[in-house]
Amino acid sequence: MRRQGAAGLSLITMARQTLGEQGALASSAAYVFLHYALLVAYMAKAGEIVAGALGLGSVPGAALFSAAFALLCYGSSQKLLDRVNSVLVGLVVASFLGLLGVAAGGVEASSLTSRGDWAAVPATLPVVALAFVYHNIIPVVCTALEGDVAKIRTAVLAGLAIPWAMFVTWDGAILGSLDYLKNCS
């Protein structure tokens, strides 16, 4: 941003500057594919939830979910969208902490160290990489923090550390309670 004298830069502009025109095209294609796949996955799962709650089919449920959020995004001010986003993030955090609390009740430390199939790790890497999709908001963060490198670095590291800590604690709670769950059934 500072080198360009621009108020903000897009992901494509950054890719073009660092990877050239072909790299920018490849980056654009990957970006569109990733976000299209995420959109389809979110719509399908949300459609299932709406369909189950309202007794609809999965396609009408996905259409209703999509229409509701499209109307919210189209017809709302930025301030309202920020409030809705904050409420939804709060609900996600509260749900996570509640589920973690329930799952942690059956954790046995020995379960965490007695099992392990490291050969299965490579198959999980695409899921882990997809879970950390914060890179798509880096241009927005750079613009919001006005190109301040120290603040951007802190925001990116915190944006990586927080979900990583959530993954580790969730995996620990689930893997640590496998013996407990086996004995309950």
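What you are looking at is a predicted structure, and each value in this text was computed from that prediction instead of being measured.

Caption draft 1: Layout of the pattern of salt bridges. For the coordinates displayed, the defined rule picks out 2 salt bridges. The salt bridge involving R16 is made with E21; its shortest N-O contact spans 3.0 Å. Across the pair K45 and E48 runs a salt bridge whose closest N-O atoms are separated by 3.3 Å. In this pair, K45 and E48 are both assigned in helix 1 (residues 11-54), 3 residues apart and thus about one turn of the helix distant.

Caption draft 2: Fine view of a nonpolar patch on the surface. Among the surface-exposed residues, F69, V87, L88 and L91 lie close enough to one another that they form a single nonpolar patch of about 350 Å² accessible area. If you tally residues by element for the nonpolar patch, the top one is helix 3 (residues 78-104), at 3 residues. Locating V87 in the fold gives a position in helix 3. Taking the relative accessible area as the measure of exposure, V87 reaches 52% and is therefore exposed.

Caption draft 3: The arrangement of the environment of F65 in detail. You can see F65 is positioned in helix 2 (residues 58-75). Sequence spacing of F65 and G47 is 18 residues, and the spatial spacing of their C-alpha atoms is 6.2 Å. Dropping the residues within four chain positions of it, F65 is found in contact with A46 and V50.

Reading the values: rules and limits
Residues numbered from 1 in each chain as written. Predicted model: local features only at pLDDT ≥ 70, side-chain atom pairs only at ≥ 80, totals over all residues. Heavy atoms only, no water. Salt bridge = Lys/Arg side-chain N within 4 Å of Asp/Glu carboxyl O. Helix = DSSP H or I, 4+ residues; strand = E, 2+ residues; numbered from the N terminus. Patch = residues over 30% accessible without salt bridge, like charges linked within 9 Å, V, L, I, M, F, W, Y side chains within 5 Å. Areas by Shrake-Rupley, 256 points an atom, 1.4 Å probe, with all protein chains shown as cover. Buried < 20%, exposed > 50% of the residue type's maximum accessible area, 1.4 Å probe, protein only. Contact = heavy atoms within 4.5 Å.

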